Amino acid sequence: MNETMRLLLDHRSIRKYTDEIIPPEMIETILKAAQMAPTSSNYQSYSILEVKDPEKRKILRDISGDQEWVEKAPLVLLFMADLSRGRDYFEAIDTEILGNTESFTVAVVDAALAMEKALIAAQSLGLGGVIVGGIRNDVARVAALFDMPSLVFPMALLCLGYPAEDPGTKPRLPLSEVLHVDRYDVRDRQRYIEAYNEEMEAYYFERTQGAKRRTWTRHSGKSLMAKDRDAVGYFLRRHGFLKK
Ligand SMILES: Cc1cc2nc3c(=O)[nH]c(=O)nc-3n(C[C@H](O)[C@H](O)[C@H](O)COP(=O)(O)O)c2cc1C
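Residues numbered from 1 in each chain as written. Predicted model: local features only at pLDDT ≥ 70, side-chain atom pairs only at ≥ 80, totals over all residues.

Draft legend 1. Molecular detail of the environment of Ser84. Inspection of the secondary structure puts Ser84 in helix H5 (residues 84-89). Residue Ser84 is classed as partly exposed on the basis of its C-beta count, with 19 C-beta atoms lying within 10 Å. Considering only alpha carbons, one finds Ser84 and Gly240, 156 residues apart in sequence, at a separation of 9.5 Å. Filtering out sequence-adjacent residues up to four positions away, Ser84 remains in contact with Pro149, Ser150, Leu151 and Val152. (Helix = DSSP H or I, 4+ residues; strand = E, 2+ residues; numbered from the N terminus. Buried ≥ 20, exposed ≤ 12 C-beta atoms within 10 Å, placed from the backbone. Contact = placed C-beta atoms within 7 Å.)

Draft legend 2. Summary view of the site of the ligand. Residues in close proximity to the ligand total 13 residues, the closest being Ser13, Ile131, Gly133, Gly134 and Lys170. Among the elements that line the shell around the ligand, the one with the most residues is strand S3 (residues 128-132), at three residues. Residues of the shell around the ligand, tallied by class, amount to four nonpolar, six polar and three charged. (Near = placed C-beta within 6 Å. Nonpolar A, V, L, I, M, F, W, Y, C, P; charged D, E, K, R; others polar.)

Draft legend 3. Inspection of helix H6 (residues 101-124) at higher detail. Here H6 contains 24 residues, and its C-alpha end-to-end distance of 35 Å stays within 8% of the 34 Å for a straight helix at 1.5 Å per residue. Positive phi appears at Gly126, one or two residues downstream of H6, with a value of about 90 degrees. (Expected span 1.5 Å × (residues − 1).)

Draft legend 4. Layout of the sheet that holds S3. A sheet is described by the order of its strands in space; here four strands give the open sequence S1-S2-S4-S3, paired in antiparallel fashion. One side of each edge strand has no neighbouring strand; the edge strands of this open sheet are strand S1 (46-50) and S3. Going from strand to strand, the sheet's axes swing by 25 degrees on average, the running direction of each strand aside. In this structure, S1 lies alongside strand S2 (residues 75-82), joined through five bridges in antiparallel fashion. Within S2, the position partnered with Ile48 by the bridge is Phe79. The strands touched by H6 within the sheet are S1, S2, S3 and strand S4 (152-161), with S2 carrying the most contacts at an inclination of about 155 degrees. (Pairing = 2+ DSSP bridges. Axes fitted to C-alpha atoms, helices over the stretch in contact; angles between N-to-C directions.)

Right, dumping it as C-alpha cells:
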C-alpha cells in the first residue's frame, strides 16, 4: 500500500460541498494533471470548459434533471470530445475521417481519461467530486449554450469542491466477474452477480437507514431504461460525428 493506492481505493462520488473556494493555482494544477492523461496518438482530441456563469449553471442543473451540485459546486468543468481542432489544423487530412466511428471513439476515450485524471488530481488535493452525464439529457441545448462548433460533443461535467458529506465507498462487482484470463469466460457469471446483488442490497439498506433495498441488477436496469437519450445519436450525426 502507498498513498496513491489508498487514494484510488478510497474513491467515492461527492455531491455536497462546503462554501470554501478552490484557489486558482489548485485549479490550474488539476487541469495540468488532466492534460497529462495518455491520449491516442497525442491527438488530444478533447477540450475543457469551466462553467462560472451562474445563469448557465442553472440551465445545466435543469438539463441534468435538477442535480443541485451542478449549480452549487465551487468548480464545474465541462469535458468535451473535440475533433474540431484536428479538423481545422491537422495537415494533410481528409476531414471525412473525422466522421468515422473510430475518430469518435478516440475523442470520447481521450476526454474520459482527462476527466478521470482531473478527478484523481482533485481528490489528491483534498477535494471531492462527481461526474455528471445528466447534461446529455439535452446535448443540443448544452452545445448551443456554449457556442460549440460542429465536431464538439459535450460529454459530461465534473463537479468539484471541498467535501461536506461522506457517503462511503460503493462496493464493486467481484473482480473475478470483471477479469477474464486468456478467454472470455461467463461460466460463473450468475453466481457472481447474485453475490453482488446481495452485497448491494445490504449496502443500500444501510446507506438509506433501511428505507431502500435495491439490487444492482434492478437498480441499474431501471436507471438505464430511464434515459434512452436517443437525441445524443441525432446530435452527433448532425454535428459531424458518426457519419460512417
Ligand atoms: C459517465 C458518468 C456519468 C455519471 N453521471 C452522473 C450523474 O448524472 N449524476 C450523478 O449524481 N452521478 C453520476 N455519475 C456518478 C456515478 O453514479 C457513480 O460514479 C457510481 O454510482 C459509482 O459510485 P461512486 O463514484 O461513489 O463509487 C456518473 C459517473 C460516470 C462515470
